[in-house]
Each structure stands twice: as C-alpha cells, then as structure tokens.
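# Fold and contact review
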Amino acid sequence: MAEDKEASLFQAPPEAEQERMVEAILFATAEPVTVAELNARMPHGADAAQALAALRKRYDGRGVRVAKVGDAWAMRTAPDLGFLMQKETVETRKLSRAAIETLAIVAYHQPVTRAEIEEIRGVGVSRGTVDQLIELEWIRFGRRRMTPGRPVTYVVTQNFLDHFGLESARDLPGLKELRAAGLLENRTLPGAAADSEDEEDELDQTDMFEDE
Amino acid sequence: MAEDKEASLFQAPPEAEQERMVEAILFATAEPVTVAELNARMPHGADAAQALAALRKRYDGRGVRVAKVGDAWAMRTAPDLGFLMQKETVETRKLSRAAIETLAIVAYHQPVTRAEIEEIRGVGVSRGTVDQLIELEWIRFGRRRMTPGRPVTYVVTQNFLDHFGLESARDLPGLKELRAAGLLENRTLPGAAADSEDEEDELDQTDMFEDE
Amino acid sequence: MSDDFDSYDMPVEERLAAEALIVDVDGYEGPLDLLLTLSRTQKVDLRKISVLQLAEQYLRFVEEARKLRIELAADYLVMAAWLAFLKSRLLLPPDPTDAGPSGEELAAHLAFQLERLQAMREAAAQLMARDQKGRDFFVRGIPEDVTRVRRVTYTATLLDLMQGYARIRTKDDFRPYSMDREHVLTMEQALDRMRGLIGYMGDWADLSSFLPEGWDADPARRRSATAATFAASLELAKAGKIEIRQGETFSPIEIRKKADG
C-alpha cells in the first residue's frame, strides 16, 4: 500500500496514522494514559500530544469523548448519555458529610495538613474519614510541610480528577471566586489567645499556597 | 405495530443522536451488546441497527472498529495496531560473577575454548553463562581450534567493544599492568605446547597481546 | 442580660429553631457547624453577621441543652467559654492596658471562619453535583489488556570486568596465611645445631659454613637459614660460648669458640 510505503520512508508515521494509534491506545484502557506513556508506546518520532489534539477535536460532540485528566488522557462516554448506562452504574459507597467536606477542603486548599482541615471544619477529622478518601484513591499524601513537626500534607489525585471529570485542580468549580474572596487564605486567630500550644499549628498554615 | 410507528414518528431521537447512543453503549458495556439489547436501552422508537450501521461506517479505517462478536457488537482496537498494546519495561541487572569472569577471560585470552576458560577459572562454566553472553552479543564463536576434538573458540564482538567503550580488545585497561604483575603468564595446557607450533590460531592469540 | 434570659422571650420561629437544634445535636459537625446553622436565623450575608448576637444564640443553645440534661461534647463547651469571653470583650469598653486582640478582631476572625466553612460546604456540594465517573460518564467496558513485555538488559562495567579477571588470576596467590615451615629455619633449630657444632670448632670460621646442608641453594631458604644461624650465634655470644667478629661492613661474619666457654 502507498501508505505503508510512506510510513517506511519517513521515520515517524503520518499524522493520520498517529491519530489512529492514540485512538487505539486510549480506547483499549480504562485508565488515563499520560502523553509520555503514549510516546513510549508509539513508534519512534511520533508526537502524541499533537495527535491527541486532533483526536480530541474529532470526538467533539460524539458519544464518547477524549478527556484530559491531569497530565493524562482517557476516553469517557459523554455525560449527557449517562441515562443509557444504568446497567453499568457501579453503586458507590455513600460518602459521609465529613468525608465530602474533607475532600473539598483538600481539593481547594491543597497541600493541606490535617490540622488545617480541622481548623477549617472546626472539628476533629476522624482517621476513618481520611482513610476512606485515601482508599478511594481520591487523596494521597503530599510533601511534608517544612514547619515544626513536619506534618504530612494531603493533595488530591489523578483519580479524583478523573472521577469528577476535571482536567486539573485549577478547574475546580468556583476556585477563582473563592480565592478572590480570600476564603482560601489562611488566617490565624488574632493573638492566638491562650492556646499557645496550638500556635505552631497555626503557623504551619502560612505556606499553604507555597506551590501555587 | 401502529403504536410503534407512531412512537417512532414523534419520539425517536435524530439519527445522529442515536448513533452517539450506540457509540456510548458499545464503549462502556462490559460485554458485546446485541441489537435487541441496544434497542431496549435506547429511547423508544430508536433504530439501533441503522445507527449501528452508520457508526460502523464512521469507524471505518479508524484506530478502533465496531466488530461483530457472534450476534452481538463490540468495539475493538484495529487489528493492525495490536503492536501498540504492549508496554515494554526495561529492567537492568548486573551481570553475574560467573558471567563477568567468563567474559573477562574471553576478552583477555581470545580466541579461547571452553576448556581453557574452565582451566583459568578453575571451575566449570555452565552452558547458561556462555549462552547468556552470546545472547547479549558480547561473545561469539571464533574459528575452531585445530587440535584434537576441534573445539570451538570464543571471541568478543564489536558489540562488546561498543558497550565497554573500547576500540579493540587490546585497549582493555590494565592489560599491561596485569601482565607486568605476571598475572597473564600462560600456563601451558597439557598438550597445548605441542599443538601450538602448527596452528595459526595460536599465533593469532599470541599476536593479540605481544605486539604492543 | 442574657444571664436571666428567658427562652419564651424569643420569637416563636427562633425558639422552634433552637428546639430543633437541641433535638438534632448529634447531627452537628462540631461547634462551628452549629454556629453556622444558628447564623442562618439572622438571614444576612455572613459578612454582615452580628457575632454578638450569634454568641448569645450559641450560649442560649448550650444553656438549653444543659437544662434538658443533654450531654454536650467538650468542644461545644470550650466554644461556649470562648464566646462568653468574646461577648464580654465586645460589650465592655476596651482596656487600654490590654495588649491582646480587640473584641472586633476576634469577632472578625470568627466571621471569617464561618464564611470559609460555608464556602467549603458550597464547594463540596458543587463538586458532588458534577458529572461523576461511573454515574454520569463511563470508562471503557471491555478494557483490552496491555501486555507487559519485560525486557531485561544486563550491564557490566569495565571495572567489573577487570576486577573479575584479576580475581581469577590472583586466586592462586591469595592463600590463607600460614607460615611455610618447609622453607624456614627457626632460631631454635639453628641454636640446637650450633650447640652441637661448637664443640668441634677450631679457629675463626665463616658463619655461612654453619648453614645446614641443602639450605644454601635456594635463595629463600638461604636467607632464612642465614638469619636463624646469625641470631643463634648472637644468642651463644651473649651466653659467653662464642665470639663474633666482622672485618668491615658486608665482609663475612666469623665466629669461634670462646676459650673458656
């Protein structure tokens, strides 16, 4: 075939062929695939990122779509067709209010320590709540905070982004407004009153947005 | 029947929409789906068979295709892209001590027979060790020794030189030093002295280290 | 004022709300959550909330709970104590000698905390209202296995190679250390031998002529025998049995039996 000949003449396969390849790889798996992994699996010289862009456009408005999940990509059915899929629905364990709020706090405030979560909710965070979110692979441990006690931080995962159809944590609903309103800031209790022992925890929060 | 016709006239979604639906169902369902099942899951009045035909056409030549499995339908990656469904992981391991010693002996004494390797190592050389080195393309068979039994000899390959950054086996570092230390003095193999005079292979061997 | 607060002075709506709160006390996620719920009765933007009024509502709630002998968790009581403190700060004229935060500052912080919690609640609700995987959109139903091809490559460095080679080639030379008795003449052996010989000695004789037979050909054996014989001679000289002399440096060492030895 003429196409085959062309492919052998040039190092990288033609663009249309690269698009087919990305399509096949993404179709085959349920897990998001990173651009790096795509490139690793495609023939030498292929440009997965470019092929992805073309593919994404092609699936625009179709019954399945090409979704970006963090730095990875996955095929997902169009959300408006969910009603057809009743058979496939997996009954997920209903999350407690504490778990849902904790998840939101981690997502909007990440990287966030347990003490910060408790400060925001005004109540202790039970181990089970955090465990459940980790088990769902929606949150994971981030870097330790470089403050006294070096507390661990929590961040959301790619799985979280995938589950809620988010391209990145920056696309969280209302994130900009919350930030503009100063509600993602850390503010300590003026004078920190009599709770001097809590003061360190309060100080921990100062670098809450160090990564952004 | 009249009722069905009526329903299809007024309620069925547009054809393009039906195609999307079939696409999403085929994508997400864990098993191949029959036309009857498609019709059952799609809104009243939809014509799954027709939508399926259109979808099939749309995927013609793409990275995935709509394939018939028995009397049901499923999406499959294009057979010519099967090679993409492999993920290669490369694991680097250190060569075993026996292999390194055998390799060293071949490098320093080539062309060398298995009996000579065993004589120098003072221990038997397993077939696996030699096979591994041949598989790595670090050693290969040289000419047969023109001695009784006509044993095969081993020599190092260009691959070996490339891997160790050598231009020739003569560049093996420390050769002179080892020689000066008397570590390279040949121990006469029983009968070898008598054979060597009429064998050019033997001369090759001496050449290799003598003319520096 | 609030000390002798009578709940029946409350507007009916507020009172019903307070009673509902008491019944549902277990349903609250801590005192901040309770405060947030109470703040709704003010029906204003959280930024314009009256913290003083809120503090009073909370304290009333705690009072009611006590009357009804409802056990409140410790953090509810801690919050009550703090709100009582805040209330006094807000009501009393500021003490110029007190360096601590003003009542307004504390109240502003509480308002901020409530607003932030409320914002997180709303964010959580928005998050959960999103299309979710496995409910609204779906993953590939028949995932195709990606076969993992594991390729093992072996590496070795030149150093490995050389060390390997040196290891083989020097194997014979590295034996466990032990004195090679066969080629060593001990001083005791030499002494025994000299003692037997001095009886027959005449005039000065070269020390080397006392080496045992068969010890003068091999250099190593010769060295060992010479050293042992010399040491034995010194021992005998010390005991007064023999005399030793040497004409000059490196000239032969000579010995003879001491006349009175």
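Parameters at a glance
- Residues numbered from 1 in each chain as written.
- Chains lettered and ligands numbered in written order.
- Predicted model: local features only at pLDDT ≥ 70, side-chain atom pairs only at ≥ 80, totals over all residues.
- Heavy atoms only, no water.
- Helix = DSSP H or I, 4+ residues; strand = E, 2+ residues; numbered from the N terminus.
- Contact = heavy atoms within 4.5 Å.
- Areas by Shrake-Rupley, 256 points an atom, 1.4 Å probe, with all protein chains shown as cover.
- Buried < 20%, exposed > 50% of the residue type's maximum accessible area, 1.4 Å probe, protein only.
- Buried area = accessible area lost by both parts, 1.4 Å probe.
- Salt bridge = Lys/Arg side-chain N within 4 Å of Asp/Glu carboxyl O.
- Pairing = 2+ DSSP bridges.
- Expected span 1.5 Å × (residues − 1).
- Arc of directions from axis to C-beta.

### Some details on the overall build of chain A
Scanning chain A from terminus to terminus reveals 10 helices and six strands. For chain A, the share of sequence-separated contacts (at least 6 apart) that also reach a separation of at least 24 residues comes to 53%. Here chain A displays about 10500 Å² of accessible surface, and carbon together with sulfur accounts for 51% of that area.

### A closer look at the side chain of Arg121(C)
Here Arg121(C) shows up in helix α5 (residues 103–128). Here Arg121(C) falls in the buried class, since its relative accessible area comes to 15%. Apart from residues lying up to four places away in sequence, Arg121(C) is in contact with Arg97(A), Glu101(A), Glu29(C), Asp33(C) and Leu36(C).

### With respect to the interface of chain B and chain A
Counting from both sides, the interface comprises 32 residues of chain B and, opposite them, 31 residues of chain A. Of the roughly 2600 Å² buried between chain B and chain A, counting both surfaces, carbon and sulfur atoms make up 58%. Across the chain B-chain A interface, the total number found is six salt bridges. Of all the secondary structure elements, the ones that give two or more residues to the side of chain B that touches chain A are α2 (15–28), α3 (35–41), α4 (48–58), β3 (72–77) and β4 (86–94) of chain B.

### Here's the deal with the pairing of strand β3 (residues 242–246) of chain C
Residues and elements named next belong to chain C. Bridge analysis of β3 against strand β4 (residues 253–257) gives five bridges, and the strand direction is antiparallel. Residue Arg245 lies in a different strand from β4, and its bridge partner there is Glu254. Connecting β3 to the next strand, β4, in antiparallel fashion are six residues, including Phe250 with a positive phi near 70°.

### A closer look at helix α6 (residues 158–169) of chain C
Each α-helix winds once per 3.6 residues, and so residues spaced three or four apart point in a common direction. Residues and elements named next belong to chain C. Between its first and last C-alpha, α6 extends 16 Å over 12 residues, near the 16 Å set by a 1.5 Å rise per residue. Inspection of α6 places Asp160, Leu161, Gly164, Tyr165, Ile168 and Arg169 among the buried residues, and these make up the whole buried set. The buried residues of α6 occupy one face: seen down the axis, they fall within an arc of 160°.

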